[in-house]
Amino acid sequence: MASALVRVGLRENNTPVAVRGQGVYVFDNTGKRYLDGSGGALIVTIGHGVAEIGEAVAAQMKKLSYVFRAHFSNEPAEELAQMLVSEMPVGFSRVLFTSSGSEAVEAAIKAARQYHHERGDHGRHKIISRLDSYHGVTLGAMSATGMHAMKDAGSWRPLQIPVRHINTVRCDDCPFHLKYPSCQTFCATELERAIIEEGPGSVAAFIAEPSRGEEPPPDYWPTIREICDRYGVLLIADEVACGLWRTGRAYCVDHWNIVPDLLTFGKATASGYAPLAGLAMSDKVLDALVNGSGVFLHGHTHSANPMSCAAGLAVQRHVRANGLDRGVAGRGEILDQALRRVVAKHEICVATSGLGLLRQLALRPPRGTNLTIASLVLEALSMRFGLISQYWKAGDRVGFQLAPPYIISDSQILELEERLDRIIPAFAGWLAANRTS
Ligand SMILES: Cc1ncc(COP(=O)(O)O)c(C=O)c1O
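Residues numbered from 1 in each chain as written. Predicted model: local features only at pLDDT ≥ 70, side-chain atom pairs only at ≥ 80, totals over all residues. Heavy atoms only, no water.

Time to look at the overall build of the chain. Scanning the chain from terminus to terminus reveals 14 helices and 15 strands. The C-alpha radius of gyration computed for the chain amounts to 22 Å, which stays within 12% of the reference 22 Å derived for 437 residues, consistent with globular compactness. Seen along its three principal axes, the alpha-carbon backbone of the chain occupies a region of about 65 × 55 × 45 Å. With 437 residues in all, the chain has 55% of them scored as buried. Nonlocal contacts in the chain, meaning residues at least 24 apart in sequence, comprise 72% of its contacts between residues at least 6 apart. Carbon and sulfur atoms provide 56% of the accessible area of the chain, an area that totals close to 19200 Å². (Helix = DSSP H or I, 4+ residues; strand = E, 2+ residues; numbered from the N terminus. Rg over C-alpha atoms; globule rule 2.2 N^0.38 Å. Buried < 20%, exposed > 50% of the residue type's maximum accessible area, 1.4 Å probe, protein only. Contact = heavy atoms within 4.5 Å. Areas by Shrake-Rupley, 256 points an atom, 1.4 Å probe, with all protein chains shown as cover.)

Pairing geometry for strand β2 (residues 25-28) and strand β3 (residues 33-36), over three bridges, is antiparallel. Looking at the pairing, V26 lines up with Y34 of β3. A loop of four residues connects β2 with β3, the two strands running antiparallel in sequence, and G31 in this loop sits at a positive phi of about 95°. Bridge analysis of β3 against strand β13 (residues 387-388) gives two bridges, and the strand direction is parallel. Bridge assignment links D36 to a residue of β13, and that residue is I388. (Pairing = 2+ DSSP bridges.)

A separate point is the side chain of E209. Within the fold, E209 resides in the loop between β7 (203-208) and α8 (220-230). Within the structure, E209 has its side chain in polar contact with the side chain of R212 (distance 2.5 Å). Residue contacts for E209: discarding those within four places in its chain leaves R130, S133, Y134, H135, E214, W221 and D238. (Polar contact = N/O pair within 3.5 Å; in protein donor to acceptor, adjacent residues only side chain to side chain.)

Below, the discussion takes up the packing of helix α4 (residues 101-118) against helix α10 (residues 283-291). The contact between α4 and α10 brings their axes to 9 Å, and the two run at 55°. Compared by their axis directions, α4 and α10 come out oblique. Viewed along their axes, α4 and α10 form a crossing whose handedness is left-handed. When α4 is examined against α10, the residues A111, Q114, Y115 and E118 are found in contact with a partner set consisting of K284, V285, A288 and L289. (Axes fitted to C-alpha atoms, helices over the stretch in contact; angles between N-to-C directions. Parallel < 35°, antiparallel > 145°, perpendicular 65-115°, else oblique. Left-handed = near helix turned anticlockwise from the far one by under 90°.)

Turning our eyes to something else, we now look at the sheet that holds β3. Taken in spatial order, the four strands of this open sheet run β1-β2-β3-β13, and their pairing is mixed. Both outer strands of the open sheet, β1 (18-22) and β13, are each paired with one neighbouring strand and no more. The sheet contacts of helix α14 (residues 410-433) involve β2, β3 and β13, and relative to β3 the element is tilted by about 110°.

See the structure below:
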């Protein structure tokens, strides 16, 4: 029977139908087992099928399924917010819950603009972001996104707010062809040059993901923070993918001890058991709004939805009760070793990088390869060999984005390595058979 769902590939009708998840595995309706190497879309942390989360959500549903946040707060939202801010960098004391990361990014952009306006700095409205970044699909978030293929799809450019994009930090494939440290972190100081060109009094915020699997040099983020401070630009850390222990620290910015002004979080909050994300405002931003108009007229019907928050609360309790948060760094080391072995085994693999359980594996196809098609082929081959992953392309490379659940065991990491050892030669074979140059 033809599916009634809209898919990315509108002519396709062969996406497998998942019916069950258990631990790091997902099963489709033919019984095929997939190893969840990327936690779906970098989201699953505690693994699939943890019964206590379902029980907590069911209990909440029986007690109170919905209230609108303008009318009521609710217990799980209050408790979860306290739990999250207790681990955030100093100076963060309040969060706004949303249902998706895109919504959280929209809220951050609006809060940044409002912050300046409330302080009488009315000219600041521009956002600076980075190339190859991903911040979501709604119009504002898509504007901030730095992936041209996503921005250009559907002829959507005219709908987007103007956002300037600077280069992303990529030491193993530097866009400036420089070497660290003699480069003096040229990619970070590009932010200063961009602010000056735009006119410092017009820039509201710089938004970036602290890491998506790359490892910035130690002075990258401190330099970015210092430039933002010097020009009165707010720093938005988009931790929708990298927050909540995914990289081995509660928030990824903790690796460099920097404190952003606005912080978005998302995927790991409820581990996929419910749609849940959010924006945390620093007291600096919050105080300007509180002492100004006193309102932040932004939110959604499902902001702080009691059931989503019950799922998030149960997940966060589970993470802490089972020590999964503290385990990520060690799991990440083992995954790193496995990925390094993969790089050593396959000529087409050129690099691996990452922090904790957020890692990339880079492949360099022959010059002239259509990288969009190549990444689709990589995806199709992975699914054929039973590995769930995400894919990226930047410069002349395509790659795997790996972010398995925090519970992945040593033997399951070996299994992931074995699957890569089958997928990569199959991909190299496809490239050889389809050479265009
Ligand atoms: C860093 C980052 N920001 C924002 C988003 C958008 O989140 P969502 O897909 O929940 O709207 C994503 C999703 O992948 C993300 O990785």
